[in-house]
2 protein chains.
Amino acid sequence: MVHRAAVVGGGHTRFGVLDEGPRALVRSAVDRALGSVDRGIDRRSIGLGYLATLGFGGWQIGNASALLGEEAGMPGLPSVRIENACASGGFALQAAVSSIQAGASEVVLVVGLEKMTDVSNARRRFWLGVSGDTEWERQAGLTFAGVYGLIADRYLKIHAVPREALATVAVKNHANGALNPNAHFQKRVTLDEALAAPRVADPLGLYDCCPVSDGAVALLLTSVELAPRFTDAPVYVDGIGASSDFLAVQERFDLTRFDATRRAAEAAFRSADTERGKISFVEAHDCFTIAELLALEDLGFAGRGEAGALTLSGATGRDGRLPVNPDGGLKAKGHPIGATGVSQAYEVFLQLRGSAGARQVPGARTALTHNVGGAGATSAVTIFSAG
Amino acid sequence: MVHRAAVVGGGHTRFGVLDEGPRALVRSAVDRALGSVDRGIDRRSIGLGYLATLGFGGWQIGNASALLGEEAGMPGLPSVRIENACASGGFALQAAVSSIQAGASEVVLVVGLEKMTDVSNARRRFWLGVSGDTEWERQAGLTFAGVYGLIADRYLKIHAVPREALATVAVKNHANGALNPNAHFQKRVTLDEALAAPRVADPLGLYDCCPVSDGAVALLLTSVELAPRFTDAPVYVDGIGASSDFLAVQERFDLTRFDATRRAAEAAFRSADTERGKISFVEAHDCFTIAELLALEDLGFAGRGEAGALTLSGATGRDGRLPVNPDGGLKAKGHPIGATGVSQAYEVFLQLRGSAGARQVPGARTALTHNVGGAGATSAVTIFSAG
């Protein structure tokens, strides 16, 4: 493992249908992150902030990063908005790691935010559905659920995988979310309930789709050398990898493979100088249940077409060989777009410090986060280890 | 001077009312940048791309960075969209410098783009006027010209500066733009014409306001060590500084001072370990003529209220003591929002290599770019030197 930066603090709001607006959510996440630092932190040591958001509630579309300093109580903070759709958070985290490596600042703040409910339809149009391809998908009426429905249909057919594999992802992630006090959905579902739910985009049913959520998450990163100033239990960022793909799925060679994730994973493992067998658990981008199956294969944890059997075997459960989404994933924890990638890293921060409470993965020492923008057009993979 | 990264290639489309759409503009700028590298460049050495854009033509709002790899002929390129309103380009450039310093890639591509004309009003709403404060300015009907009109009114009154100082900025920048084949406006204006133009937001008239333009610019950055592989005449990035301010101007202590620029300039000069007297010329963010006067003061080249007299003295002309905006500035060259900060650095690339043609600043060895988001809410200042 090559330690590239260290996470020393993290704050997470509840995900769900919240009363708070975007400014209040940012403030709340930052305050919690500052309060989480074991030995305390002087706000003035924070020299740079990244804001990951697709639409800031449809309210402050441009220049929203200026609000980061205002709401964090750090007027003047240099701040940058990063937007790579649903992967905004993962890319902001990687930008923060680069900034730490470049010595740009002692401490870098990363905030992911989305306010998606209590927003008028006119404003929702700003940011819902704008992250898929416009020419060939959106204008033809193909929604995200539609794209993933096509992918799922193809995947189940060519690999002869039963719908129960998809439903098992939902059952597992809801069971994990039920133990996460920040999750949007904190209730279990049964396999029968998942299978019987109304169809959204065949073969995907209601429980195959993540919800539309509000929420914000903040992380504080520093250098490996400075980390002991803040805590005895830093979480190291060891590897980062990212890639892109053709925005329209029709341009790709294969509908059931996200090459951006494959390339990002290769780069991340190379960058961390480690291997898949050493990963204790995975935070995968399960915007739809099918996406978790693809992720297992594209990240290299299962062969082509084998993720269904792996999931049905229970291996990805919290007590399985390779726990996936112990926090409930996008499926149950919720998916406030810009916040998701930061939230995945927050879960890693808790788990690798042994602070994940009822959902703790025993003995977790390393973890991988996987954050996807659109239907696989951008992908960021990050590898962490316990200090 | 502390060399932090090197610019080894640059490409610039015409700025103006163009037939091309956003994809074609990106492709054109990238192709020109690749073609500009003295010893050639293998696209595969480019490991990371930043796309600075506010709205990608109102067409691909989310995940637009995925298109960078497609249009640059580099499928799979890790790519990140950075949006800090009109300062998106300056912040993307600084992110690229950090990535080079962090060793993330041998060569990093930065592209700034905006497609602002030939866009329906429904789409323009996505990105025009969304970068000022929403609650206190936009919803009250205060446009950008309105905000800068208020600032100009106050500035002229408290410092007893005549409107001729503003008009002189326009005359100078139009004269420079007339020598720039990529400029939106390539015609001179007289002082009388500028003063007599219809008022837009008193005291600002038509010639005090930059136009709405299409355009794209691409730059290739590498490390100082690798630069000789590509050219004998790299341009070094020596200092970067950035800051933010309250988004709503009413929250600030002083209407006629942009503290974000003051802090960004201090950080940039500290980072470059140089001083103002060594700067050969400045690329200032003159979205309105008043903004160039504020910039001269906030960057430390003139005392409070003294930029008017400095401008009237001719010192900021192309043959003056401190040339400002030799490329015509936003005023005459045009202001395709996300492209502007990258275009400023492109002008520096040309000038410091002695390749600026008819508008060459004789003996230019160092330069400073100043890129502002909104009405001063975000600001990025960068210092360069000739290799």
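The rules behind each value
- Residues numbered from 1 in each chain as written.
- Chains lettered and ligands numbered in written order.
- Predicted model: local features only at pLDDT ≥ 70, side-chain atom pairs only at ≥ 80, totals over all residues.
- Heavy atoms only, no water.
- Phe/Tyr/Trp six-rings, centres within 6.5 Å; stacked < 30°, edge-to-face > 60°.
- Helix = DSSP H or I, 4+ residues; strand = E, 2+ residues; numbered from the N terminus.
- Expected span 1.5 Å × (residues − 1).
- Buried < 20%, exposed > 50% of the residue type's maximum accessible area, 1.4 Å probe, protein only.
- Core = buried A, V, L, I, M, F, W, Y, C linked by side-chain atoms within 4.5 Å.
- Contact = heavy atoms within 4.5 Å.
- Least-squares fit on C-alpha atoms with pLDDT ≥ 70 in both.
- Buried area = accessible area lost by both parts, 1.4 Å probe.
- Salt bridge = Lys/Arg side-chain N within 4 Å of Asp/Glu carboxyl O.
- Nonpolar A, V, L, I, M, F, W, Y, C, P; charged D, E, K, R; others polar.

K.L.:
Before we go on, may I ask you to explain the packing of aromatic side chains in this structure?
P.N.:
Two aromatic rings are characterised by how far apart their centres lie and by the angle between their planes. Per the stated rule, a full pass over the model turns up six aromatic pairs over all chains. Here the aromatic residues A:Tyr148, A:Phe258 and A:Phe288 are joined through ring pairs into a cluster of three or more.

K.L.:
Is there a simple way to explain helix α4 (residues 88-101) of chain B in this structure?
P.N.:
Residues spaced three or four apart along an α-helix point in a common direction, a consequence of the helix completing one turn every 3.6 residues. All names here are of chain B. In this model α4 runs 20 Å from its N-terminal to its C-terminal C-alpha over 14 residues, within 8% of the 20 Å that 1.5 Å per residue would give. For α4, a buried count of 13 out of 14 residues is recorded, marking the element as mostly surrounded by other parts of the structure. One or two steps after α4, the chain reaches Gly 103, where phi turns positive at roughly 75°.

K.L.:
When you look at the nonpolar core in this model, what are you seeing that I'm missing?
P.N.:
Here is a general trend for soluble globular proteins: nonpolar side chains tend to be buried in one another's company. Counting residues in each nonpolar core, the largest one holds 82 residues, and the members touching the most others are A:Leu221 and B:Leu221. Among all residues touching A:Leu221, those that are not within four sequence positions of it are A:Ala5, A:Ala6, A:Val7, A:Leu93, A:Ala96, A:Val97, A:Ile100, A:Glu106, A:Val107, A:Val108, A:Val110 and A:Val237.

K.L.:
Even after reading the chapter, I still don't get the relation of the copies chain A and chain B, so can you show me in this structure?
P.N.:
Superposing chain A onto chain B takes a rotation of 180° combined with a translation of 0.0 Å along the rotation axis, leaving an RMSD of 0.0 Å. Between the two chains, the operation in question is that of a two-fold axis. Comparing contact sets, 100% of the residues at the interface of chain A also lie at the interface in chain B, consistent with an isologous, same-surface contact.

K.L.:
Explain the interface of chain A and chain B here, please?
P.N.:
How big an interface is tends to be reported as the loss of accessible area on association of its parts. Across the contact, 50 residues belong to chain A and 51 residues belong to chain B. Taking both partners together, chain A and chain B bury about 3,900 Å²; carbon and sulfur atoms supply 49% of that area. Put simply, B:Arg81 and A:Glu83 hold a salt bridge, and the shortest N to O gap is 2.7 Å. If you list the elements that add at least two residues to the side of chain A that touches chain B, you get α3 (66-71), β3 (79-82), α4 (88-101), α5 (121-127) and β8 (235-244) of chain A. Looking at the side of chain A that touches chain B residue by residue, the class counts come to 20 nonpolar, 19 polar and eleven charged.

K.L.:
What exactly am I supposed to notice about the side chain of B:Asp298 here?
P.N.:
Residue and element names in this part refer to chain B. Its place among the elements puts Asp 298 in helix α10 (residues 289-298). According to the relative accessible area criterion, Asp 298 is buried, its value standing at 4%. Among residues more than four places away in sequence, those in contact with Asp 298 are Arg 257, Phe 258, Thr 261, Arg 262 and Ala 265.

K.L.:
Would you mind going over the side chain of A:Ser88 with me for this structure?
P.N.:
Along the polypeptide, A:Ser88 turns up in helix α4. Apart from residues no more than four positions distant in its own chain, A:Ser88 is found in contact with A:Ala52, A:Thr53, A:Ile82, A:Glu83, A:Gly338 and A:Asn371.

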